[in-house]
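Commentary on secondary and tertiary structure
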Amino acid sequence: MSIGTGIVLFVIGAILAFAVNVDVDYVNLDLIGYILMGAGVVVFILGLVLMMRRRSSESTVRTVDPVAGERITRSETRTSGDGTV
């Protein structure tokens, strides 16, 4: 969701900065467009970083019990970054 929001902010900012030629006395639409474009880039990058943190990995550990000679298999799935098991 944040990646799409970043793209939308960037597009709206580009439209305001480059396509709208309206003179408003007290508001500079070009500056608002550049600010929205910058905010869109930041939100997009944050969305990518958060998406990379949510990737999960799966590991399997196999051990042999030395007393009984039985094979014990334990698997766990960890979501990297937040420590949930």
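Residues numbered from 1 in each chain as written. Predicted model: local features only at pLDDT ≥ 70, side-chain atom pairs only at ≥ 80, totals over all residues. Heavy atoms only, no water.

**A look at the environment of Met51**
Applicable threshold: Helical segments are the DSSP runs of H or I of at least four residues, strand segments are the runs of E of at least two, and each set is numbered from the N terminus. Here the term buried applies to any residue with accessible area under 20% of the maximum for its type, exposed to any over 50%, and partly exposed to those in between, with areas from a 1.4 Å probe on protein chains only.
As for its position among the elements, Met51 is in helix H2 (residues 29-53). Accessibility expressed as a relative area gives 41% for Met51, which makes it partly exposed. C-alpha of Met51 to C-alpha of Ser2: the two residues are 49 residues apart in sequence and 9.6 Å apart in space.

**Describing the packing of helix H1 (residues 2-19) against H2**
Worth spelling out the cut-off: Simply put, an axis is a line fit to the C-alpha atoms, just over the touching stretch for a helix, and the angle between two N-to-C directions goes from 0 to 180 degrees. Any angle between 65 and 115 degrees counts as roughly perpendicular, while under 35 counts as roughly parallel, over 145 as roughly antiparallel, and the rest as oblique. Here a crossing is taken to be left-handed if its near helix is turned anticlockwise relative to the far helix by less than a right angle, and right-handed if that turn runs clockwise. Residue classes follow a fixed rule: Ala, Val, Leu, Ile, Met, Phe, Trp, Tyr, Cys and Pro count as nonpolar, while Asp, Glu, Lys and Arg count as charged, and any other residue, Gly among them, counts as polar.
Packing of H1 against H2 leaves a shortest axis separation of 7 Å and a crossing angle of 165°. Classified by the angle between their axes, H1 and H2 sit roughly antiparallel to one another. For the pair H1 and H2, the crossing hand works out as left-handed. Here the contact of H1 with H2 is composed, by residue class, of 20 nonpolar, seven polar and one charged.

**Quick look at the UniProt feature "transmembrane region" (unreviewed entry) in the chain**
Note the cut-off: UniProt positions are given in the numbering used here, feature names are shortened, and annotations may be inferred rather than shown by experiment.
According to UniProt, the feature "transmembrane region" (unreviewed entry) maps to residues 31-52 in the numbering used here. Secondary structure within residues 31-52 divides into 100% helix and 0% strand; the distance between the first and last C-alpha atoms comes to 32 Å.

**Regarding the environment of Phe18**
The line we're drawing: In what follows, a contact means two residues having at least one pair of non-hydrogen atoms within 4.5 Å.
When you line up the elements, Phe18 lands in helix H1. What makes Phe18 exposed here is its relative accessible area of 54%. With 11 residues separating them along the chain, Phe18 and Leu29 place their C-alpha atoms 9.5 Å apart. With residues up to four places along the chain from it excluded, the contact list for Phe18 reads Tyr34 and Met37.

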